[in-house]
Each structure stands twice: as C-alpha cells, then as structure tokens.
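# A closer look at the structure
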Amino acid sequence: MYKIGNDACIWHAPSEPLIKIVRTSINIITIMSVSPNRTIAIVGVGSSMSRSLALWLASVGWNIALVSRSENSLSEIADEVKAAQTSPDAKVVYRTADAGNSDSLTAALDWCAQALGGKLDVLHYNAARVAESHITEVTPEMLELDLRVSAIGTLVAGQWFTRNANTDHVSKGELPLFLVTGGTLDKEPQVGVSSLSAAKAASQTLSRLFAQALPQASQVVVGMPLIKGRIVDPETGAFTEGYHPDTIIQKVFKPFFEDREQLRDGVYNWTVERVL
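Residues numbered from 1 in each chain as written. Predicted model: local features only at pLDDT ≥ 70, side-chain atom pairs only at ≥ 80, totals over all residues. Heavy atoms only, no water.

## Description of the packing of helix H1 (residues 49–59) against helix H2 (residues 71–84)
Interhelical geometry of H1 versus H2 gives an angle of 25 degrees and a closest axis separation of 8 Å. With respect to H2, the axis of H1 lies roughly parallel. For H1 against H2, the interelement crossing comes out right-handed. Between H1 and H2, the residues in contact are Arg51, Ala54, Leu55, Ala58 and Ser59 and Ile77, Glu80, Val81 and Ala84, respectively. The residue inventory of the contact of H1 with H2, partitioned by class, reads six nonpolar, one polar and two charged. (Axes fitted to C-alpha atoms, helices over the stretch in contact; angles between N-to-C directions. Helix = DSSP H or I, 4+ residues; strand = E, 2+ residues; numbered from the N terminus. Parallel < 35°, antiparallel > 145°, perpendicular 65-115°, else oblique. Left-handed = near helix turned anticlockwise from the far one by under 90°. Contact = heavy atoms within 4.5 Å. Nonpolar A, V, L, I, M, F, W, Y, C, P; charged D, E, K, R; others polar.)

Next up, the structure:
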C-alpha cells in the first residue's frame with residue numbers, strides 16, 4: 001500500500017521492512033555524527049559525488065577503497081583522499097575494474113575487502129555509463145552494455161555484500177549499508193538518454209528488492225540517494241545551484257551513514273530513499 005503526502009511516500013509489504021522515501025530540503029541541517037575507523041568500497045568513482053563522499057569520509061577517519069575503470073583519474077582522486085585523511089592509521093586504496101563485467105567487479109570487491117581487513121561496513125555502487133541515446137537509435141548492444149553496468153552490476157554488488165558485510169556492530173544497533181546512487185529516470189525517463197533510463201529503472205528496482213530482503217536475510221540495510229536535478233549546468237559547466245556535490249553528500253548521503261548507527265530498535269523506520 002502506498003501513502004502519498006507532501007513529504008514522503010511509504011510502502012509497507014507484509015512481513016517485510018518498512019520502506020520510506022524522504023524528499024530532502026536543501027535547508028536541512030544535520031547534527032548527528034558518524035563513527036570513525038569504518039570501511040567502505042566505492043564502485044564507479046568519478047570527479048563528482050563519489051569524490052566528495054570519499055573526501056568527507058576521509059575527514060572522519062574511514063578506510064576507503066576506490067574502484068573505477070580509469071586509473072589516471074582514479075589515482076588522482078586517491079591522492080586527494082589520502083591528503084584529506086585525518087587518521088594516520090586509516091587506509092586509502094584503489095583498483096581499476098570494469099563494473100560491466102561480473103568477474104572483474106567481483107574480483108575487485110574481493111580485493112577491496114581483503115585490503116581493508118576482510119569485511120566492509122558500507123558498499124557504495126555508483127557505476128553507470130552516461131551517454132546520449134535516442135530511443136529510435138538505441139541498439140540492443142547499447143542497452144545490453146548499460147544493463148550490465150547499471151543493473152547487473154547492482155545485482156552482483158548487492159549479492160556480494162550479503163557475504164562480505166561487517167556485522168560485528170549489529171548488537172549495538174549499527175548495520176552495514178548497501179548504498180546505490182540513482183535519480184528519477186525510472187519514473188521520468190528521458191528520450192535523450194533512453195538506454196540509461198531503462199538501465200537505471202532496472203537498477204533501482206533491484207535496489208528496492210534488496211531493501212525488502214536484506215535486513216532480514218543478511219542484517220544489511222539499503223540506501224538509495226536519488227538526485228533529481230542536474231549536478232552540472234550544461235551551458236556554463238558550473239555546478240547547478242543547490243546541487244554541488246559537497247551539498248549533496250551532506251544533505252542526502254550523510255543521513256544514511258548516521259542513521260545506520262541508530263537501529264537499536266530495528267529497521268522498520270529506516271529510510272530507504274532520499275530525494276534531492
């Protein structure tokens with residue numbers, strides 16, 4: 001059953017965790033804190049949100065593994081993240097991988113977990129192929145590629161995390177988090193990025209299914225930061241007002257990290273989707 005109001009949409013399936021969607025105000029100020037010395041792997045690292053997320057987590061002393069296809073940009077971002085680290089003992093490691101290849105993705109995740117001590121507190125899946133594709137010109141090969149990166153990659157990463165999530169802190173109300181970046185293309189597909197729209201719809205459906213299953217099956221919560229606006233203005237090349245990556249991390253991503261440590265009473269009020 002769906003209940004639709006001004007601020008949230010809530011879906012509750014019998015015998016499944018409560019799924020809540022929150023539309024985030026840009027003026028919200030959070031005061032909760034995030035524990036240091038935790039571990040995260042970020043898949044699909046780029047120069048925008050994933051970079052800002054890594055820099056923020058470095059500032060609170062997290063151990064961070066970065067995964068992307070391009071080693072040049074990846075090494076540069078890794079250097080920035082290392083420079084932002086506040087803990088002398090925290091690790092920053094990186095590895096190249098093709099998220100559209102299940103074997104490559106799994107091998108990279110195995111490597112990340114081993115490099116950071118064996119288990120992860122958070123796995124962030126951010127991989128997508130962003131390219132123009134009109135619905136009248138999309139080829140099966142283009143759609144298949146986008147599905148492999150966005151949808152099958154989400155599936156592989158989520159299933160992998162059920163076996164490699166750190167559940168050592170569950171008794172204290174802290175649950176591991178599977179975080180999947182998205183937008184509103186599943187509800188508002190755009191003809192100019194038809195292939196990506198279809199692939200993202202599949203990815204977000206898989207994420208919602210994981211959100212129903214993983215809390216009970218694996219003691220893992222799922223978070224979906226959904227960005228509905230353009231981060232970069234195509235005309236000026238500057239960040240759109242209200243959608244600077246640092247702003248997005250603080251308003252949309254950070255609450256997931258805070259809330260996952262506050263689950264002593266269970267997951268039934270856990271917010272799965274946060275929309276900015």
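## Section: the pattern of salt bridges
In the structure shown here, the tally under the stated rule is 10 salt bridges. With its nearest N and O atoms 2.7 Å apart, the salt bridge here joins glutamate 174 to arginine 38. Here arginine 38 lies in the loop between strand S3 (19–23) and strand S4 (39–43) and glutamate 174 lies in the loop between helix H4 (140–164) and strand S8 (177–180), a separation of 136 residues in the sequence. Comparing glutamate 174 with arginine 38, the two get one shared label, buried. (Salt bridge = Lys/Arg side-chain N within 4 Å of Asp/Glu carboxyl O. Buried < 20%, exposed > 50% of the residue type's maximum accessible area, 1.4 Å probe, protein only.)

## Some details on the packing of aromatic side chains
Geometrically, a pair of aromatic rings is defined through the distance of the ring centres and the angle of the planes. Scanning the entire structure with this criterion turns up five aromatic pairs. Ring centres of tryptophan 62 and phenylalanine 257 lie 5.5 Å apart, and the angle between their planes is 70 degrees; this geometry places the pair in the edge-to-face category. Residue tryptophan 62 is found in the loop between H1 and strand S5 (63–68), and its partner phenylalanine 257 is found in helix H6 (residues 245–259); the two are separated by 195 residues along the sequence. There is no split in this pair, since tryptophan 62 and phenylalanine 257 are both buried. Pairing phenylalanine 178 with phenylalanine 210 gives two aromatic rings, centres 5.8 Å apart and planes at 85 degrees, and the pair type is edge-to-face. Taken together, the residues phenylalanine 178 in strand S8 and phenylalanine 210 in helix H5 (residues 194–218) connect sequence positions 32 residues apart. An aromatic cluster of at least three residues, connected via ring pairs, comprises Trp56, Trp62 and Phe257. Over the aromatic face of phenylalanine 256 sits the side chain of arginine 274, whose NZ or CZ is 5.1 Å from the ring centroid. (Phe/Tyr/Trp six-rings, centres within 6.5 Å; stacked < 30°, edge-to-face > 60°. Lys NZ or Arg CZ within 6 Å of the ring centre and 35° of its normal.)

## Looking at the pairing of S8
Across the two faces of S8 the burial is the same, with Leu177 and Leu179 and Phe178 and Val180 all buried. With respect to chirality, the unit in which strand S7 (residues 122–125) leads through H4 into the neighbouring parallel S8 is right-handed. Across three bridges, S8 lies against strand S9 (residues 221–226) in parallel orientation. Bridge pairing in S9 links leucine 179 to glycine 223. Between S8 and its parallel partner S9, the chain crosses via H5, and the hand of that crossover is right-handed. (Right-handed = clockwise from strand over helix to strand, strands pointing away. Pairing = 2+ DSSP bridges.)

## Side note on the confidence of the model for the protein
Residues with a pLDDT of 70 or more make up 87% of the protein, whose mean pLDDT is 88. Low confidence marks residues 24–31, where pLDDT is under 50. Its contacts with residues over four positions away, or in another chain, come to 13 contacts. (pLDDT = per-residue confidence, 0-100.)

## Side note on the layout of surface pockets
The gaps of empty space that remain are located by a probe, the size of a water molecule, rolled over the atoms. Approximately 1,400 Å³ is the volume found for the largest pocket. Lining of the largest pocket is provided by 42 residues; of these, Ala128, Val130, Leu196, Lys200 and Ile231 occupy positions nearest its centre. Breaking the lining of the largest pocket down by element, the ones donating at least two residues are H1, S5, H4 and H5. In the lining of the largest pocket, the residues fall into 19 nonpolar, 15 polar and eight charged. (1 Å grid on protein atoms, 1.4 Å probe; cavity = no way out; pocket = protein on both sides within 12 Å on 5 of 7 lines; lining within 4 Å. Points joined across faces, edges and corners; volume = space filled by probe spheres on them.)

## As for unusual backbone geometry
In terms of backbone geometry, most residues other than glycine have negative phi values and most peptide bonds are trans. Unusually for a residue other than glycine, asparagine 37 sits at a positive phi of about 55 degrees. In this structure, asparagine 37 sits in the loop between S3 and S4.

## Quick look at the nonpolar core
Residues Ile64, Leu66, Phe178 and Phe257 are the most contacted members of the largest nonpolar core, which totals 73 residues. For this core, the leading source of residues is H1, giving seven residues. Excluding its chain neighbours within four sequence positions, the residues that come into contact with isoleucine 64 are Ile40, Ile42, Ala54, Leu57, Ala58, Val81, Gln85, Lys91, Val92, Val93 and Leu116. (Core = buried A, V, L, I, M, F, W, Y, C linked by side-chain atoms within 4.5 Å.)

## Comments concerning the packing of helix H3 (residues 102–115) against H4
Their axes nearest at 10 Å, the elements H3 and H4 cross at an angle of 35 degrees. Judged by the twist between their axes, the crossing of H3 over H4 is right-handed. The segment H3 lies against H4, with Ser102, Leu105, Thr106, Leu109, Asp110 and Ala113 engaging Ile152, Gly153, Val156, Ala157 and Trp160.

## Describing the environment of asparagine 126
The topology assignment puts asparagine 126 in the loop between S7 and H4. Once you skip the residues sitting within four places of it in the chain, asparagine 126 turns out to touch Val43, Gly44, Ser50 and Thr181. For asparagine 126, the side chain forms a polar contact with the side chain of threonine 181, separated by 3.0 Å. (Polar contact = N/O pair within 3.5 Å; in protein donor to acceptor, adjacent residues only side chain to side chain.)

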